[in-house]
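Observations on the three-dimensional arrangement
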Amino acid sequence: MIGGPGVGKGTQCANLVRDFGFVHLSAGDLLRAEQERPGSQYGDLIRSYIKEGKIVPMEVTIALLENAMLASGQTRFLIDGFPRKMDQALKFEESVVPSKFTLYFECPEEVMLQRLIKRGETSGRDDDNIESIKKRFKTFTETSYPVVEYYSKKGKVHTVSCVEAPDVVYGKVKVIFDKLFSENN
Ligand SMILES: Nc1ncnc2c1ncn2[C@@H]1O[C@H](COP(=O)(O)OP(=O)(O)OP(=O)(O)O)[C@@H](O)[C@H]1O
Ligand SMILES: O=c1ccn([C@@H]2O[C@H](COP(=O)(O)O)[C@@H](O)[C@H]2O)c(=O)[nH]1
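Residues numbered from 1 in each chain as written. Chains lettered and ligands numbered in written order. Predicted model: local features only at pLDDT ≥ 70, side-chain atom pairs only at ≥ 80, totals over all residues.

The line we're drawing: UniProt positions are given in the numbering used here, feature names are shortened, and annotations may be inferred rather than shown by experiment.
Per an unreviewed UniProt entry, the recorded name for the protein is Uridylate kinase, and the organism is Lobosporangium transversale. We quote the UniProt Catalytic activity (unreviewed entry) comment for the protein here in full: "UMP + ATP = UDP + ADP". For the record of the protein, the UniProt heading Sequence similarities (unreviewed entry) holds the text "Belongs to the adenylate kinase family. UMP-CMP kinase subfamily."

**As for the site of ligand 2**
The cut-off we apply is this: We count a residue as near a molecule or strand when its backbone-placed C-beta atom lies within 6 Å of that partner. Put simply, DSSP marks the helices as runs of H or I at least four residues long and the strands as runs of E at least two long, and each gets a number from the N terminus on. All amino acids are sorted into three groups, where Ala, Val, Leu, Ile, Met, Phe, Trp, Tyr, Cys and Pro are nonpolar, Asp, Glu, Lys and Arg are charged, and the leftover types, Gly among them, are polar.
In the vicinity of ligand 2, 17 residues are found, and the nearest of them are Ala27, Gly28, Ile55, Val56 and Gly81. Secondary structure elements with two or more residues in the shell around ligand 2: helix H2 (27-36) and helix H3 (43-51). Looking at the shell around ligand 2 element by element, the count peaks at 3 residues for H2. Across the shell around ligand 2, the residue classes tally to 8 nonpolar, 5 polar and 4 charged.

**Things to note about the nonpolar core**
Our working definition: Buried Ala, Val, Leu, Ile, Met, Phe, Trp, Tyr and Cys residues form a nonpolar core when they are connected through C-beta atoms within 7 Å. Put plainly, a residue is buried at 20 or more neighbouring C-beta atoms within 10 Å of its own, exposed at 12 or fewer, and partly exposed in between, counting only other residues' C-beta atoms, which are placed from the backbone. In this description, any two residues whose backbone-derived C-beta atoms lie within 7 Å of each other are considered to be in contact.
In this structure, Ala27, Leu31, Leu65, Phe105, Val160 and Cys162 are the most contacted members of the largest nonpolar core, which totals 30 residues. Secondary structure elements with two or more residues in this core: H2, H3, helix H4 (58-72), helix H5 (86-95), strand S4 (102-106), helix H6 (109-120), helix H7 (130-153) and helix H8 (166-180). When sequence neighbours within four positions are dropped, the list of residues in contact with phenylalanine 105 reads Gly3, Val7, Gly8, Lys9, Val160 and Cys162.

**Quick notes on the environment of isoleucine 130**
Here isoleucine 130 lies in helix H7. Between the C-alpha atom of isoleucine 130 and that of threonine 75, which follows or precedes it by 55 residues, the distance is 38 Å.

Put into structure tokens, the structure is as follows:
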């Protein structure tokens, strides 16, 4: 699942987990947990990349995802906010597992900005501030959007507008998932 910062990926993943039973893995959540893990050799590196809105070197993120997948003992994963860079996409599919499809959430930056500023009032996230948000938008446009284009050329992308209220957005997402996962696909 890919989309700009604050587009609503986490919000929609919660609905999908409830209705379709995927294991939800957020790359950002895994990185934040590793950042806080006592003794982590990557804590400081992750902290500085997240604050700057940059993409953490792929070896770290892929290892965290792979470990979480193996630890779950499950086989159906909804991966939230990943891949964010072409090198990650290629390496993950080569060394872990190919993806079935990509859900791309689109939304104007002004709308995402308002959502993140509001979320920042309570989230406690180091990157929910105007300076980091602008950097995250730039990274999304320059580094992450090419991943969407790459999967689009392969016919693997389903695009959903996230401007409307969460339940309206979920209505559209659910139609896609009902179709994709009917007949035990
Ligand atoms: N459709 C929506 N309309 C209005 N607010 C929304 C909508 N979807 C999510 N939100 C709110 O916007 C904020 C960002 O949503 P969420 O955390 O799901 O985004 P995200 O894409 O996972 O963000 P990030 O990439 O920064 O982790 C949250 O406060 C959430 O409650
Ligand atoms: O594959 C990834 C995913 C995330 N990051 C870093 O984490 C932050 C926050 O991610 P959210 O998905 O918004 O929680 C992101 O801005 C990156 O700095 C990453 O490096 N690689």
